[in-house]
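Take a look at the letters that make up each chain.
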Amino acid sequence: MLKILIPTLMLLPLPWLTPKKWLWPTSLMHSMIIALISLYWLKNSSEEGWTTLNPMMGTDPLSTPLLILTCWLLPLMILASQNHMAPEPLSRQRTYISLLSSLQVFLILAFSATEILMFYIMFEATLIPTLIIITRWGNQKERLNAGTYFLFYTLAGSLPLLVALLLLQNSTGTLSMLITPYNDLTLTTSWSHKLWWAGCMIAFLVKMPLYGVHLWLPKAHVEAPIAGSMILAAVLLKLGGYGMMRIMVTLDPLSKEMLFPFIILALWGVIMTGSICLRQTDLKSLIAYSSVSHMGLVAGGILIQTPWGFTGALILMIAHGLASSALFCLANTNYERTHSRTMLLARGLQMIMPLMASWWFTASLANLALPPLPNLMGEIMIISSLFNWSWFTIILTGAGTLITAGYSLYLFLMTQRGPLPQHITALSPSHTREHLLMALHLLPLIMIIAKPALVSGWFA
Amino acid sequence: MADYREAPLATRPKTLDPNEYFNLSPEQRRAEEERAALRANLKRQYQQQLNNPHRKELIEDPALTRWVYARANPYTNFRPTKKTSLIGALFGVVPLFVLYYTFKTDRDRKEEQIKAGTLERKFSLSY
C-alpha cells in the first residue's frame, strides 16, 4: 500500500520543484508509473478477504478495481488538462497539478480505508480540491452556483452519516470494515432504527446520485474544467456506490422494508434522466445526465443486496467510469476548438476528423452498453437481479435501456454526422495527445472484456 | 403579380414594382427601406466576419447565445400553471406512488407465498 501512497504523496511537491519545461512531462510520467504499479493490486492472494493489509488500510476485491481506476485516471487528467492550462501563469499550473494530486491522495486513502470513519473523512476531504477546481478553473460564471450546489448537497447529505457512524461505533465498539459484516445488529422497524438507516444511506445516495437529489451533478459536471469533469464522473460518483456497498452489510434486515422508496427513485430516475438527455442541447449536460442514468441503475443494483446485484454494480461502475470520462474528453476536444458546448455548432465532425470520429463511435457504443463491453455485463447482471426481485422492474429497466441507446446514438449522430457548419473555418486537427488520451481510456475498457473477473468484486 | 417572374437582364417595369402595385403609402415605403437598410447592415457585418481570412474563432450569434441561455436556465422562468403542475404531478409524483404500490404488493404476495410454503423455491446458483 505504501508503495503507491508514498509516490502519490510525493506528487504533491513534484510540480513545485520541476522547472517549467519539464512540469507536465514529469508529472505525467510519475503518475503513469504509479498507475502501472497499482496494477499489482489485482493479484488478490486471498479469495474473498483483504490483502495488503495494515492496521489502517487494506484492499479487497471490491476496492481494488476502484483503486486502480483512480490511479489510472490521474495521468489521463494531467494529459487532458495540458492544453487548456498552457496560457496560464506557471504557479497556477503548479497549483492545478498539486490539487489533482491531493485529490488523488484523498481518493486512494478513501478506497483503501479499513475504518469506515476514515472513509468518511476522506469522502469529505475530496470535496475541497474538487470545489476549488470547479470554482476557480471553470469557464462560465455559473460555476459559482455549481460549486455551491455541489458542496452543500453533499455536505447536507453526509452530516447525518457522521452521526450514524458515531452511533454505530458506540453500539458495536468498532467501525473496522473487517468486522462490520459480522455485526449482529438485527435492526427493527422502530423509528429510531429507520432514521439511523436513512442517516447511513442518504450521504451515499446523494453522491451517487439518486434521481431526486441529483441536481448538483449536471451543474458540477458542466461547469468543471476537463480534469474536474473526468474525476467527478469517473471516481467521485463511485465513492457513493462503494460506501453504500460497505455499509449495507451491517444494515440488515431493516433494508428490506426501507429500500422501496430508493429503488423506485433510482429506477424511475433512469427513465426520467434518459428522457432529459434526449432533449439536451448542451453536450456536457447530456453526458452528465447519462451519468445520472447509469448511476441510478447502479444504485438499484446495490440496494437489492444480492450477489449479482453487487457484482453488476461494481462492473458497471468501473465501465461507466472509463466510458463517461472518455466522453467528457471527447466533448472537451470539441470545446477547445469551438469554445462552445452547443451540439448544433459542432456537427459533421466525421468529415474533418475521422479518427476522432472512431473514438466518438467507440465511446458512444460503450455508453449504450454494447456487448461484449463490460457496460453491458454490468447492466445485464443488475437487470437480471432486479427482475428476480420483482417482475415489474423489467418494464422500467427495459425502457431505460432503450432510452439509453436512443440518446447515445443521438449524441453520436449529432456530433459526427450531418452537415458541417459552414461558418466554422478554423478547427485545428486532432492532436496526438488527444488520440493518446482516448486510447488510454478505451483500451482498458476493451481489455476488461477478456477478463471481467478482475472487476467483479467479491463474487468473481 | 402572381406568376410574374423577373427577366434576368431587364429591370422590373414601374407598374409592377410591389410598392406601386399594392399602392403602399410613402410612410410604409420609407419604413420598408429602413428595415432593408438594417438587414443589409447586419448581413454586411456577418459577411465581413465570415470572409475574414484571419478569423480563428466562431462568429458570435446573439440569437444563439440567448437560445442556449434560455435552454440552460428553465427554472428561473418557471411559473406553476395548471398545465405544468399537472405534468409535474403526472410524471414526477404519481409514478413514484404507483411503483411503490406495485412493488410492495408484489413483494408482499411473494412473502405470503413463502410463509405459506406454496412458492416453489428452486436452487439457483446466481440470484
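Residues numbered from 1 in each chain as written. Chains lettered and ligands numbered in written order. Predicted model: local features only at pLDDT ≥ 70, side-chain atom pairs only at ≥ 80, totals over all residues. Heavy atoms only, no water.

Participant: Would you explain the environment of A:Pro452 in this entry?
Facilitator: All names here are of chain A. Looking at the element boundaries, Pro452 is found in the segment after α20 (432-448). Relative accessible area serves as the criterion here: at 33%, Pro452 is assigned to the partly exposed category. Taking the C-alpha atoms as reference points, Pro452 and Met377, separated by 75 residues in sequence, lie 8.5 Å from one another. (Helix = DSSP H or I, 4+ residues; strand = E, 2+ residues; numbered from the N terminus. Buried < 20%, exposed > 50% of the residue type's maximum accessible area, 1.4 Å probe, protein only.)

Participant: Could you clarify how one ought to interpret the environment of A:Ile403 in this entry?
Facilitator: Residue and element names in this part refer to chain A. Note on placement: Ile403 falls in helix α19 (residues 393-416). Classification of Ile403 by relative accessible area gives buried; the value is 17%. The sequence separation of Ile403 and Leu413 amounts to ten residues, and the corresponding C-alpha distance is 15 Å. Apart from residues lying up to four places away in sequence, Ile403 is in contact with Ile271, Gly274, Ser275 and Leu278. (Contact = heavy atoms within 4.5 Å.)

Participant: What's the story with the state of the cysteines in this structure? I'm lost.
Facilitator: Working definition: the covalent bond between the sulfur atoms of two cysteines is a disulfide. All chains considered together, the criterion is met by zero disulfides over all chains. Cysteine A:Cys277 shares no disulfide, and the gap to the nearest cysteine sulfur, in A:Cys329, comes to 18 Å. (Disulfide = S-S within 2.5 Å.)

Participant: How should the side chain of A:Ser98 be read in this particular structure?
Facilitator: Residues and elements named next belong to chain A. Topologically, Ser98 is positioned in helix α5 (residues 90-112). Classification of Ser98 by relative accessible area gives buried; the value is 11%. The contact partners of Ser98, leaving out residues within four places of it in the chain, are Leu12, Pro15 and Trp16.

Participant: Even after reading the chapter, I still don't get empty space enclosed by the protein, so can you show me in this structure?
Facilitator: Any empty space left between the atoms is revealed when a probe the size of a water molecule rolls over them. Residue and element names in this part refer to chain A. Enumeration according to the criterion identifies four cavities of 30 Å³ or more in this entry. Its boundaries defined by the atoms lining it, the largest cavity holds a volume of some 70 Å³. Lining the largest cavity, in full, are Leu283, Lys284, Ala331, Asn334, Tyr335, Ser340, Arg341, Thr342, Met343, Ala346 and Thr415. Here the second largest cavity defines a volume of roughly 50 Å³. In terms of lining residues, the second largest cavity is bounded by Val270, Ser293, His294, Leu297, Glu379, Ile383, Thr397, Gly400, Thr401 and Thr404. (1 Å grid on protein atoms, 1.4 Å probe; cavity = no way out; pocket = protein on both sides within 12 Å on 5 of 7 lines; lining within 4 Å. Points joined across faces, edges and corners; volume = space filled by probe spheres on them.)

Participant: Explanation requested: the packing of aromatic side chains in the structure shown.
Facilitator: Note on aromatic pairs: each is described by the distance of the centres and the angle between the planes. All names here are of chain A. Taken as a whole, this structure holds 16 aromatic pairs over all chains when the rule is applied. Summarising the aromatic geometry, the rings of Phe361 and Phe412 are spaced 5.2 Å apart at their centres and angled 45° between planes, so their arrangement reads as tilted. Of this pair, Phe361 sits in helix α17 (residues 354-367) while Phe412 sits in helix α19; the two residues are 51 residues apart in sequence, bridging distant segments of the chain. Judged by relative accessible area, Phe412 falls into the buried class, the value being 5%. Taken together through their ring pairs, the aromatic side chains of Phe111, Phe119, Phe123, Phe204 and Tyr242 make up a single cluster. Over the ring of Phe123 we find Lys207; its NZ or CZ atom is 5.4 Å from the centre of that ring. Here the guanidinium or amino end of Lys219 rests over the ring plane of Tyr149, the centre of that ring lying 4.6 Å away. (Phe/Tyr/Trp six-rings, centres within 6.5 Å; stacked < 30°, edge-to-face > 60°. Lys NZ or Arg CZ within 6 Å of the ring centre and 35° of its normal.)

Participant: Looking at this model, I keep getting lost on the interface of chain A and chain B. Mind explaining?
Facilitator: Reports often express the size of an interface as the amount of accessible area lost when the parts come together. Taken together, the contact between chain A and chain B spans 30 residues of the former and 25 residues of the latter. For the chain A and chain B pair, buried surface summed over both sides reaches about 2600 Å², with 69% attributable to carbon and sulfur atoms. When the buried surface of chain A facing chain B is broken down by residue, A:Phe260, A:Ile264 and A:His423 rank first, second and third, together holding 22% of it. The interface formed by chain A and chain B holds zero salt bridges in total. At the junction of chain A and chain B, the tally comes to six residue pairs in polar contact (both at pLDDT 80 or more). (Buried area = accessible area lost by both parts, 1.4 Å probe. Salt bridge = Lys/Arg side-chain N within 4 Å of Asp/Glu carboxyl O. Polar contact = N/O pair within 3.5 Å; in protein donor to acceptor, adjacent residues only side chain to side chain.)

Participant: I would appreciate a short explanation of helix α6 (residues 116-125) of chain A in the present structure.
Facilitator: Residue pairs spaced three or four apart in an α-helix point in one direction, given the helix's 3.6 residues per turn. By the criterion of burial, α6(A) is predominantly enclosed, with seven of the ten residues buried. Here α6(A) has its buried residues at A:Ile116, A:Phe119, A:Tyr120, A:Met122, A:Phe123, A:Glu124 and A:Ala125.

Participant: When you look at unusual backbone geometry in this model, what are you seeing that I'm missing?
Facilitator: It is generally the case that most residues other than glycine have a negative phi and that most peptide bonds are trans. Residues and elements named next belong to chain A. The omega torsion of the bond from Met208 to Pro209 falls at -5°, within 30 degrees of zero and hence cis. The topology assignment puts Pro209 in the loop between α9 (191-207) and α10 (216-223). Even without being glycine, Gln305 reaches a positive phi, approximately 60°. Among the secondary structure elements, Gln305 is positioned in the loop between α14 (283-304) and α15 (307-338).

Participant: Just to check I follow, could you spell out the layout of surface pockets for this structure?
Facilitator: As a volume, the second largest pocket reaches approximately 1700 Å³. Lining the second largest pocket are 46 residues, with A:Ile304, A:Gln305, A:Thr306, A:Pro307 and B:Tyr127 positioned closest to its centre. Counting only elements with at least two residues in the lining of the second largest pocket, the list comes to α11 (226-248), α12 (255-258), α15 and α18 (374-389) of chain A together with α4 (82-116) of chain B. Top contributing element to the lining of the second largest pocket by residue count: α4(B), with nine residues. Partitioned by chemical class, the residues of the lining of the second largest pocket number 21 nonpolar, nine polar and 16 charged. (Nonpolar A, V, L, I, M, F, W, Y, C, P; charged D, E, K, R; others polar.)

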